[in-house]
Amino acid sequence: MPHDDFPAGSVWLVGAGPGDPDLLTRKAARLIATADVVFHDALVGPGVLDLIPDGIDRISVGKRSGRHSKDQGTIDRLIVAAALAGKRVVRLKGGDPAIFGRTAEELAACTAAGITVRICPGVTAASAAAASAGATLTLRGCARRLTLVTAHAKAGEPLDLDWATLAAPDTTLAVYMGRAAAQTVMQQLIAAGRSADTPVLVVVNASLPTERIIRGRLSSLAFLVEAISAHDPAMLIVGEAVRATLSAEAPADADRAVVAC
Ligand code: SAH
């Protein structure tokens, strides 16, 4: 059955997932195949970009920490201009567009210009990182909350988070953009009462061939991220829920951990 959800002059904000093209939704793949122009950011995996048909305009508006190739206002204007020119516009974003994706700005810009805009969800990095490590993000009776938090602060400003809430022992923290602030996250969580022994998982380039999985304790978080390049996306996951993956070779230890919660 043909779809009628992508008329000329409309915009889809599409989640590209964490990098592996197999983690793209079928809907995202269809929208990419139908677009007249694709604007994408730097985190979109190369295998996903390969799905853009030949001859379709693909425009990198890549934003990476500290290296903004285009500011948000420019991106908004480019998308709006393309849609007003009658194009089917896909704006491809890493992970899920609704999670730390500057999607609100793009929605507002399109709506203000009278353009139809919709969102296609994607697999967010926290889910991909946990899956790669064979971990869960919640754990019955133990990790009842999952908090997605960004540790990105504006240049020159301190990281202003509600550490007391984040330090609650039944919370799993999925920290986006957390590499540079790892030491602050470690120190502030421990100062707010989170156990220094809390299991920590760091997943770099989740779902990509270059993926790395690093396991440790909160007390070693700053050390764990030391060797990670600023160019590689990294998810930090903190909480009892990831204890079961602390030692992949020792499931007996994991069993005890679950009982201990
Ligand atoms: N909208 C995206 C998040 C954008 S913020 C999503 O839903 O996943 C960018 C941050 O996401 C990176 O700094 C990193 O912390 C995380 N991230 C994105 N892709 C990742 C990947 N493949 N592996 C690990 N972390 C990733």
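Residues numbered from 1 in each chain as written. Predicted model: local features only at pLDDT ≥ 70, side-chain atom pairs only at ≥ 80, totals over all residues. Heavy atoms only, no water.

S.K.: Go over the site of the ligand, please, and point to the residues and values.
M.R.: Of all residues adjacent to the ligand, which total 17 residues, the nearest are D96, I99, T124, A206 and A234. Computed on the free molecule, the ligand has an accessible area of 540 Å², of which 92% lies beneath the protein chains in the complex. Taken together, domain 1 (11-120) and domain 2 (125-256) each give at least three residues to the shell around the ligand, which thus spans both. (Near = heavy atom within 4 Å. Areas by Shrake-Rupley, 256 points an atom, 1.4 Å probe, with all protein chains shown as cover. Domains from an automatic or database assignment.)

S.K.: Tell me what's going on with the domain arrangement of the protein, and back it up with residues and numbers.
M.R.: It is common to report an interface's size as the accessible area lost on association of the parts. Domains assigned within the protein are domain 1 (11-120) and domain 2 (125-256). The gap between the C-alpha centroids of domain 1 and domain 2 is 28 Å. Each partner contributes residues to the interface: domain 1 has eleven residues there, and domain 2 has 14 residues. For the pair domain 1 and domain 2, the interface holds one residue pair in polar contact (both at pLDDT 80 or more). Across the side of domain 1 that touches domain 2, the residue classes break down as six nonpolar, two polar and three charged. (Contact = heavy atoms within 4.5 Å. Polar contact = N/O pair within 3.5 Å; in protein donor to acceptor, adjacent residues only side chain to side chain. Nonpolar A, V, L, I, M, F, W, Y, C, P; charged D, E, K, R; others polar.)

S.K.: Explain the pattern of salt bridges to me, and be specific about the residues and the numbers.
M.R.: It is possible for side chains of opposite charge to pair when their charged atoms get near one another. All chains considered together, the criterion is met by nine salt bridges. Across the salt bridge formed by K93 and E106, the nearest N and O atoms sit 3.1 Å from each other. Within this pair, whereas K93 is found in strand β6 (residues 89-93), its partner E106 is found in helix α4 (residues 103-112), the two being separated by 13 residues in sequence. For the pair K93 and E106, a shared accessibility class is recorded, and that class is buried. Across the pair E240 and R243 runs a salt bridge whose closest N-O atoms are separated by 2.7 Å. Neither residue differs from the other here; E240 and R243 are each classed as buried. Beyond isolated ion pairs, a larger network of salt bridges with shared partners links D41, R91, K93 and E106. (Salt bridge = Lys/Arg side-chain N within 4 Å of Asp/Glu carboxyl O. Helix = DSSP H or I, 4+ residues; strand = E, 2+ residues; numbered from the N terminus. Buried < 20%, exposed > 50% of the residue type's maximum accessible area, 1.4 Å probe, protein only.)

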